[in-house]
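Here are the chains, one letter per residue:
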Amino acid sequence: MPAVLEAVLIGLLTSQFAFVVTTVYLHRALAHRAITLKPPIAFACRVVIWIATGTRPRQWVAVHRKHHAYTDKEGDPHSPVVFGYPLVQFGNAILYRKVARNPVAVSRYARDLPGDRWDKVLFDHALLGLGIGVAILVAVLGWEMALIAATVHASLYLLGGGAINAIGHKWGKRPHDNLATNNQWLAWCVAGEGLHNNHHAATTSGRLSMAKGEFDPGWWAVRVLVLLRWATVRHDKPVRKPARV
Ligand SMILES: [Zn+2]
Ligand SMILES: [Zn+2]
């Protein structure tokens, strides 16, 4: 396989892996307590998130919980209804940062996740984590190919996150009575998170797929962790709300 294609593929796989860890660890485990990970697995996820995305978990959780508290109203950190589709799709990171860098919001919405000594030494230093991630790519692929792989990964991860927040509150099916939408094609790209209407209908469900024909790859990852006894699930049979008419 040509080296460039190989680098693109590695970038693609890295972003997929980051989406799986984001949905399993940041979203389902930390933000909603829908699943519980064994401490060594949670720590491994924390390391992956640090070197693959530079995200600080308690900030991500705070931004996300604020989104659920103010969905598509003033106060929602990244609603396409409030900010318009293009800004949320392509400027999601800028909107995210506004709340993530607000210590009052973070301590209010993520008070169960106070920073610890690991955060002080390692995980609060986003550039160090990303630097380690890039260094690993350079060691494996060399400078030029590492740059391609890192660019593909960063672009897909940022666009995918933007799409969940923007497309997932604008276009798609609304089987449940909330403003979010289901898009199976997006769910295939972002480890199940495209089933966003289902998620808003049942935030504490470990599984995002509910109906026939819906597939949640993030749930498959959770199932593997459960089989290995590395995770437990709060429930996977979401309470259904009546369909929007
Ligand atoms: Zn949402
Ligand atoms: Zn959520």
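Residues numbered from 1 in each chain as written. Chains lettered and ligands numbered in written order. Predicted model: local features only at pLDDT ≥ 70, side-chain atom pairs only at ≥ 80, totals over all residues.

Novice: How would you sum up the overall build of the chain? Please name residues and give values.
Specialist: When its secondary structure is counted, the chain shows 13 helices and 2 strands. Seen along its three principal axes, the alpha-carbon backbone of the chain occupies a region of about 55 × 45 × 40 Å. Taking all 245 residues of the chain together, the buried fraction comes to 45%. Taking the intrachain contacts of the chain between residues at least 6 apart in sequence as the baseline, contacts between residues at least 24 apart amount to 63%. (Helix = DSSP H or I, 4+ residues; strand = E, 2+ residues; numbered from the N terminus. Buried ≥ 20, exposed ≤ 12 C-beta atoms within 10 Å, placed from the backbone. Contact = placed C-beta atoms within 7 Å.)

Novice: Give me the lowdown on the nonpolar core, citing residues and values where you can.
Specialist: Note that soluble globular proteins tend to have their nonpolar side chains buried in a common cluster. In this structure, Tyr25, Val61 and Ala62 are the most contacted members of the largest nonpolar core, which totals 45 residues. Looking at which element gives the most residues to this core, the answer is helix α1 (residues 3-31), with 10 residues. Ignoring anything within four residues of it in the chain, the contact list for Ala62 reads Val99, Ala100, Ala105, Val106, Tyr109 and Ala110. Among the nonpolar cores identified, the runner-up in size contains 6 residues, and Leu137, Ala146, Ala149 and Ala150 belong to it. (Core = buried A, V, L, I, M, F, W, Y, C linked by C-beta atoms within 7 Å.)

Novice: I'd like a rundown of the environment of Gln16, residues and numbers included.
Specialist: By secondary structure assignment, the location of Gln16 is in helix α1. Each C-alpha atom of the pair Gln16 and Leu147 lies 18 Å from the other, and the pair is 131 residues apart in sequence.

Novice: Explain helix α2 (residues 39-53) to me, and be specific about the residues and the numbers.
Specialist: Along an α-helix, a turn takes 3.6 residues, which lines up residues three or four apart on a common side. Relative to the 21 Å expected for 15 residues at 1.5 Å per residue, α2 spans 21 Å between its end C-alpha atoms, a close match to the ideal helical length. Within α2, burial applies to Cys45, Arg46, Ile49, Trp50, Ala52 and Thr53. In this structure, the buried residues of α2 make contact with α1, β1 (35-37), α3 (57-69), α8 (117-123), α9 (126-141) and α10 (143-166). Two residues or fewer past α2, Gly54 is found with a positive phi of approximately 70°. (Expected span 1.5 Å × (residues − 1).)

Novice: Quick one: what's the story with the environment of Leu208, residue by residue and with numbers?
Specialist: Within the secondary structure, Leu208 sits in the loop between α12 (196-201) and α13 (217-227). Residues Leu208 and Thr23, spaced 185 residues apart in sequence, show a C-alpha to C-alpha distance of 10 Å. In this structure, Leu208 is in contact with Gly192, Leu195, Asn198, His199, Asp216, Gly218 and Trp219, ignoring residues within four places of it in sequence.

Novice: Break down the environment of Ala166 for me, with residues and values.
Specialist: Counting through the fold element by element, Ala166 comes out in helix α10. Excluding residues within four positions of it along the chain, Ala166 makes contact with Pro80, Tyr85, Val88 and Gln89.

Novice: Give a detailed account of α9, specifying residues and quantitative values.
Specialist: The first and last C-alpha atoms of α9 sit 22 Å apart over 16 residues, in line with the 22 Å expected at 1.5 Å per residue. Turning to α9, its buried residues are Gly129, Gly133 and Leu137. Projected down its long axis, α9 shows its buried positions confined to an angular sector of 80°, all on one face. For α9, the exposed residues set more than 90 degrees away from the buried face come down to Leu127, Ala135 and Ala139. For α9, the elements touching its buried residues are α2 and α10. In the segment just after α9, Gly142 is the residue with positive phi, at about 85°. (Arc of directions from axis to C-beta.)

Novice: Could you give me a rundown of unusual backbone geometry, with the residues and numbers involved?
Specialist: For Asp72, which is not a glycine, the phi torsion comes out positive at approximately 60°. Position of Asp72 relative to the elements: it lies in the loop between α3 and α4 (80-83). Residue classification places Asp72 among the partly exposed residues on the basis of 17 C-beta atoms within 10 Å. The phi dihedral of Arg229 is positive, around 65°, even though this residue is not glycine.

Novice: Describe the packing of α9 against α10, with residues and values.
Specialist: As a packed pair, α9 and α10 sit with axes 7 Å apart at the nearest point and diverge in direction by 130°. As judged from the angle between their axes, α9 and α10 are oblique. Note on packing geometry: the crossing formed by α9 with α10 is right-handed. Residues Val134, Leu137, Val138 and Leu141 of α9 touch α10, and the partners they reach there are Trp143, Met145, Ala146, Ala149 and Ala150. Taken together, the residues of the contact of α9 with α10 sort by class into 9 nonpolar, no polar and no charged. (Axes fitted to C-alpha atoms, helices over the stretch in contact; angles between N-to-C directions. Parallel < 35°, antiparallel > 145°, perpendicular 65-115°, else oblique. Left-handed = near helix turned anticlockwise from the far one by under 90°. Nonpolar A, V, L, I, M, F, W, Y, C, P; charged D, E, K, R; others polar.)

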